[in-house]
Amino acid sequence: MTMQNVGRPTRPEGAGETSGFASLTGGRGLLQDEPLIFELGGWSKTGVDLPPAEEPSDLAGLTRESLPLPGLSEPETMRHYVRLSQKNHAIDLALYPLGSCTMKHNPRLNEKAARMAGFADLHPLAPLATTQGALELMDRLAHWLKTLTGMPAVALTPKAGAHGELCGLLCIKAAHEAAGQAHRRTVLVPTSAHGTNPATAAFVGYSVQEIAQTEDGRVDLADLEAKLGPDVAAIMVTNPNTCGLFERDVIEIARITHAHGAYFYCDGANFNAIVGRVRPGDLGVDAMHINLHKTFSTPHGGGGPGAGPVVLSAALAPFAPAPWVVHGPDGLTLVEEAADDAAQAFGRMSAFQGQMGMFVRAYAYMRSHGADGLRQVAEDAVLNANYIKARLSDVMTPAFPDGPCMHEALFDDAWLEGTGVTTLDFAKAMIDEGFHPMTMYFPLVVHGAMLIEPTETESKRELDRFCDALRALAAAAKLGDVDRFKGAPHLAPLRRLDETLAARKPKLTWKPEAEFA
Ligand SMILES: *Cc1c(COP(=O)(O)O)cnc(C)c1O
């Protein structure tokens, strides 16, 4: 299998030209074109009725003549934000098949629990005597996370998966330093790893070395063993991996890693596929982050707030960051400074106790599913992915055709060869059919990768609608209907964006009109 270095191609020549019907105003159906809020309304208007300002007495020379705030009425403001919200795809609108992201339904029960005043109105500096219930919830959540993973300790404060990786590697670094092993400066990462793994290792100051992958999409044990040496601090392996496959040799991976004095960091983003069935602690894992927004259904916010607790083995537990909850004579309390036995803690990951709203949602999800329900989550997630793999394998090419997959179905672009259609074109055409594209061009080891993760919350009817759409598109590509794909999306308000330009030269500010400049 050849490495895909191309990444995400940008706008092809001529793409974005409108073929066929165009509305007169730029809107598409009931989706209207929406300018920035600053470009709407005028500066002289206001949406509220304020009494005239009193003449300031001692503010001479300090008052502003005008304030550049958009002057919109309440209905205009409402419509602006509702129109913007309609431009966002959401799990509440349709299946969201982004592989590796586990875009599952967020149960409303979780939202109800998170909005209870005792949780929603908490302040991180509130006296502990007034926050016993919240501390108890954190303690119980920690208990469930430790039980489900078979690990003795958990750090709750990291704010996301990547932040959890940072926490885990900082624990590993502290453990090596405490053992006089500070010379271990390398982290081994498989070629199929999520980009955050090597990025985190580099951020901690480690150098990163790649571990090769076998033809059937797993860690190449011989290559791993050859690269393990006295300079290796840790390996970072995702299980199930980003090809949607279980690492069959995971116990052997842990054994040889430990035999060489290194730690096993497991990227737990795919825990959804094994929760309730496999305990990472039994596999020899030393540290693993859990994306509460993936496995435990808390919302994927637009960049936050999130939570990525990290479970730790007995060897790493003493290095966990403060604060943590302990049972004391006067109820629950927080250890804010690591002292005595705990003095090895490497410090803090965040200012306070972590994301309470996410803790409440994740705990509500666990309790409403129960142990048997969480096990069924993993089973149904795997069943749904295999259903998609089975329904599409005669028209698309699965990257690893032999055997079942775990919770995501991975296809390559071999089936598009000779059609003139690329993975990107195919994904854009999915938008016209009302579906959010799958993860594209990741993992990098699979050419033109299309990684589809349905999650367990999709019904058979929804899965069939999705598969029917992909089958119809696949047929169109093979029949030579190239224009459908090259011009796609035809029905979205904006067409093909120049992603490279947007990333290299982002426009992050809006320049006010001359009168305010
Ligand atoms: C999502 C994901 C991450 C990063 O998690 P964030 O919460 O987005 O920081 C890391 N690894 C894998 C495999 C993932 O899918």
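So, here is what we can say about the structure in this document.

Here is what the cut-offs are and how they apply
Residues numbered from 1 in each chain as written. Predicted model: local features only at pLDDT ≥ 70, side-chain atom pairs only at ≥ 80, totals over all residues. Heavy atoms only, no water. Helix = DSSP H or I, 4+ residues; strand = E, 2+ residues; numbered from the N terminus. Rg over C-alpha atoms; globule rule 2.2 N^0.38 Å. Contact = heavy atoms within 4.5 Å. Areas by Shrake-Rupley, 256 points an atom, 1.4 Å probe, with all protein chains shown as cover. Lys, Arg positive; Asp, Glu negative; His and termini not counted. Charge placed at Lys NZ, Arg CZ, Asp CG, Glu CD. Core = buried A, V, L, I, M, F, W, Y, C linked by side-chain atoms within 4.5 Å. Buried < 20%, exposed > 50% of the residue type's maximum accessible area, 1.4 Å probe, protein only. Domains from an automatic or database assignment. 1 Å grid on protein atoms, 1.4 Å probe; cavity = no way out; pocket = protein on both sides within 12 Å on 5 of 7 lines; lining within 4 Å. Points joined across faces, edges and corners; volume = space filled by probe spheres on them. Nonpolar A, V, L, I, M, F, W, Y, C, P; charged D, E, K, R; others polar. Pairing = 2+ DSSP bridges.

1. As for the overall build of the protein chain
Working step 1: Summing up its helical and strand segments, the protein chain has 13 helices and 13 strands in all.
Working step 2: At 26 Å, the protein chain has a C-alpha radius of gyration in line with the 24 Å of a compact globule built from 517 residues.
Working step 3: Taken along the three principal axes of its C-alpha coordinates, the protein chain extends 75 × 70 × 45 Å.
Working step 4: Taking contacts inside the protein chain between residues at least 6 apart in sequence as the whole, the part at least 24 apart equals 72%.
Working step 5: For the protein chain, the accessible area works out to roughly 25,200 Å², and carbon and sulfur atoms hold 56% of it.
Working step 6: Of the side chains in the protein chain, 45 bear a positive and 61 a negative charge, and the two mean positions are spaced by 3 Å.

2. Notes on the nonpolar core
Working step 1: With 59 residues, the main nonpolar core has Leu145, Leu224, Phe296 and Phe359 as its most contacted residues.
Working step 2: Contributing elements (two or more residues each) for this core: helix H2 (108–114), helix H4 (132–149), strand S4 (232–238), helix H8 (250–259), strand S5 (263–267), strand S9 (331–335) and helix H9 (356–392).
Working step 3: With 13 residues, H9 is the single largest residue contributor to this core.
Working step 4: Residue assignment places this core across two domains, with domain 1 (109–365) and domain 2 (371–504) each supplying three or more.
Working step 5: Those residues in contact with Leu224 that sit more than four places away from it in its chain are Leu188, Ile211, Val219, Ile235, Ile253, Ile256 and Thr257.
Working step 6: Membership of the second largest hydrophobic core comes to 30 residues, among which are Cys405, Ala409, Phe466 and Cys467.

3. Considerations on the layout of surface pockets
Working step 1: Size it by volume and the largest pocket reaches roughly 1,300 Å³.
Working step 2: Forming the walls of the largest pocket are 39 residues, and the residues nearest its centre are Lys87, His89, Ile431, Ala492 and Pro493.
Working step 3: Breaking the lining of the largest pocket down by element, the ones donating at least two residues are helix H1 (74–87), helix H10 (423–432) and strand S12 (439–440).
Working step 4: In terms of residue count, the dominant contributor to the lining of the largest pocket is H10 (five residues).
Working step 5: Split by residue class, the lining of the largest pocket holds 22 nonpolar, seven polar and ten charged.
Working step 6: Approximately 450 Å³ is the volume attributed to the second largest pocket.
Working step 7: Surrounding the second largest pocket, 28 residues form its lining, Cys101, Asn291, His293, Lys294 and His300 being those nearest its centre.
Working step 8: For the lining of the second largest pocket, the leading source of residues is helix H5 (residues 161–178), giving three residues.

4. Looking at the sheet that holds strand S10 (residues 397–398)
Hydrogen bonds along the backbone pair up the strands of a sheet, which may run parallel or antiparallel.
Working step 1: Judged by pairing direction, the sheet is antiparallel, and its four strands sit side by side in the order S10-S11-S13-S12 without closing on themselves. Lying at the two open borders of the sheet, with one neighbouring strand each, are S10 and S12.
Working step 2: By the bridge criterion, two bridges tie S10 to strand S11 (residues 409–412) in an arrangement that is antiparallel. Along S11, the bridge assignment pairs Pro398 with Phe411.

5. What to know about empty space enclosed by the protein
Working step 1: As enumerated under the stated definition, the model contains two cavities of 30 Å³ or more in all.
Working step 2: Taken as a whole, the largest cavity encloses approximately 40 Å³ of empty space.
Working step 3: Lining the largest cavity are Cys243, Leu245, Lys389, Pro398, Ala399, Phe400, Cys405 and Leu410.
Working step 4: Of the residues assigned to the lining of the largest cavity, the class counts are seven nonpolar, no polar and one charged.

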